[in-house]
Amino acid sequence: MEEMYEVLRFIEHGAHCRQSMDCMRGTLLVRYLKARREIGKSELFGWFRQLCVCVDQYHRCRKQKQYRYLNPYSIVVSEEGKLFLLDLEAPENGAVLKQMQKPAVREGFVKPVCEIGAGGQSADIFAYGRTVQFLLAYTQGETELTRWEEMRLARMIARCTGEAGKPYADISQVLRDL
């Protein structure tokens, strides 16, 4: 089921970050989860961190520009189990972009237009919270979380989606709370 995808790779240079493109064999996260539902807790938390780091690197490379389409269709799981962001500008990924335009995906992972006016990274932070929520819901029976982990994740998701608490202003704040 693995296919070739154009993905974004990031190269760290101290406080600076550069972006490069790469073609890699992997599976979209949504398809990966359908084929393999049993995800261990350490792998799941590793994915939360990897995804947050990727979004942070994207923002730093693109001068705080939004990724726009963060969802399980825009995340590629490599053969080694690492997560990468799909290159949205690559023509080879056009079929995947078309899937992301479906109303069900947009309604679940795109922040409502009336709330986007806040600017900054709010749309990507919202989508990150929804993606974490999706991963937790999809792997619920397989991953046993402690009560403390559940509370911390629920608080982080609520702050990402703006449902409760002070919303995050920057993805690096989410990374710090992870």
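Model, not experiment: these values are computed from the prediction.

1. Notes on the overall build of the protein chain
Counting its regular elements, the protein chain contains 8 helices and 4 strands. Order of helices (α) and strands (β) in the protein chain, N terminus to C terminus: β-β-α-α-β-β-α-α-α-α-α-α. Scaling as 2.2 N^0.38, a compact globule of 178 residues should have a C-alpha radius of gyration of about 16 Å, and the protein chain matches this with 16 Å. Over its C-alpha atoms, taken along the principal directions, the protein chain stretches across nearly 40 × 40 × 35 Å. Put simply, the protein chain has 178 residues, and 47% of those count as buried. Pairs at least 24 residues apart make up 64% of the contacts formed inside the protein chain by residues separated by at least 6 positions. Roughly 9400 Å² of accessible area belongs to the protein chain as shown, and the carbon and sulfur atoms make up 53% of that amount. Mean positive and mean negative side-chain charge positions of the protein chain (26 and 23 charges, respectively) differ by 5 Å.

2. Description of helix 6 (residues 122–138)
For helix 6, which comprises 17 residues, the first-to-last C-alpha distance of 24 Å matches the rise-based estimate of 24 Å (1.5 Å per residue) to within 8%. Counting buried residues in helix 6 gives 13 out of 17 residues, a clear majority hidden from the surface.

3. With respect to the sheet that holds strand 1 (residues 3–13)
In a beta sheet, neighbouring strands pair by backbone hydrogen bonds and run either parallel or antiparallel. Strand order in the closed barrel formed by 4 strands is 1-2-3-4, with antiparallel pairing between adjacent strands. Strand-to-strand twist of the sheet, defined as the mean angle between neighbouring strand axes without regard to direction, takes the value 50°. Taken together, the 3 bridges between strand 2 (residues 16–28) and strand 3 (residues 75–78) define a ladder with antiparallel strand orientation. Across the sheet, Gly26 pairs through a bridge with Ser78, a residue of strand 3. Packed on one face of the sheet, helix 2 (residues 41–61) meets strand 1, strand 2, strand 3 and strand 4 (83–86) and runs near 40° to strand 4.

4. Observations regarding the confidence of the model for the protein chain
This prediction gives the protein chain a mean pLDDT of 85; 91% of its residues lie at or above 70. Confidence over residues 113–117 falls short of pLDDT 50; this stretch has 2 contacts with residues more than four positions distant or in other chains.

5. A few points about the packing of helix 6 against helix 7 (residues 147–161)
In the contact formed by helix 6 and helix 7, the axes pass within 7 Å of each other and the chain directions differ by 145°. Considering only the axes of helix 6 and helix 7, their crossing is left-handed. Residues Ile125, Phe126, Tyr128, Gly129, Arg130, Val132, Gln133 and Leu136 of helix 6 lie in contact with helix 7, whose contacting residues are Leu153, Met156, Ile157, Cys160 and Thr161. Of the residues in the contact of helix 6 with helix 7, the class split is 9 nonpolar, 3 polar and 1 charged.

6. Quick notes on helix 2
The end-to-end C-alpha separation of helix 2 is 30 Å, in line with the 30 Å expected for 21 residues at 1.5 Å each. Backbone geometry just after helix 2 places Lys63 at a positive phi near 55°.

7. Focus on the packing of helix 2 against helix 6
It is the contact of helix 2 with helix 6, at a shortest axis distance of 11 Å, that shows an interaxial angle of 165°. Between helix 2 and helix 6, the crossing angle belongs to the class labelled roughly antiparallel. When you trace helix 2 past helix 6, the crossing you get is right-handed. Contacts between helix 2 and helix 6 involve Leu44, Trp47, Phe48, Arg49, Leu51, Cys52, Val55 and His59 from the first element and Asp124, Tyr128, Thr131, Val132, Leu135 and Leu136 from the second. Grouping the constituent residues of the contact of helix 2 with helix 6 by class yields 10 nonpolar, 2 polar and 2 charged.

What counts, and where the lines are drawn
- Residues numbered from 1 in each chain as written.
- Predicted model: local features only at pLDDT ≥ 70, side-chain atom pairs only at ≥ 80, totals over all residues.
- Heavy atoms only, no water.
- Helix = DSSP H or I, 4+ residues; strand = E, 2+ residues; numbered from the N terminus.
- Rg over C-alpha atoms; globule rule 2.2 N^0.38 Å.
- Buried < 20%, exposed > 50% of the residue type's maximum accessible area, 1.4 Å probe, protein only.
- Contact = heavy atoms within 4.5 Å.
- Areas by Shrake-Rupley, 256 points an atom, 1.4 Å probe, with all protein chains shown as cover.
- Lys, Arg positive; Asp, Glu negative; His and termini not counted.
- Charge placed at Lys NZ, Arg CZ, Asp CG, Glu CD.
- Expected span 1.5 Å × (residues − 1).
- Pairing = 2+ DSSP bridges.
- Axes fitted to C-alpha atoms, helices over the stretch in contact; angles between N-to-C directions.
- pLDDT = per-residue confidence, 0-100.
- Left-handed = near helix turned anticlockwise from the far one by under 90°.
- Nonpolar A, V, L, I, M, F, W, Y, C, P; charged D, E, K, R; others polar.
- Parallel < 35°, antiparallel > 145°, perpendicular 65-115°, else oblique.

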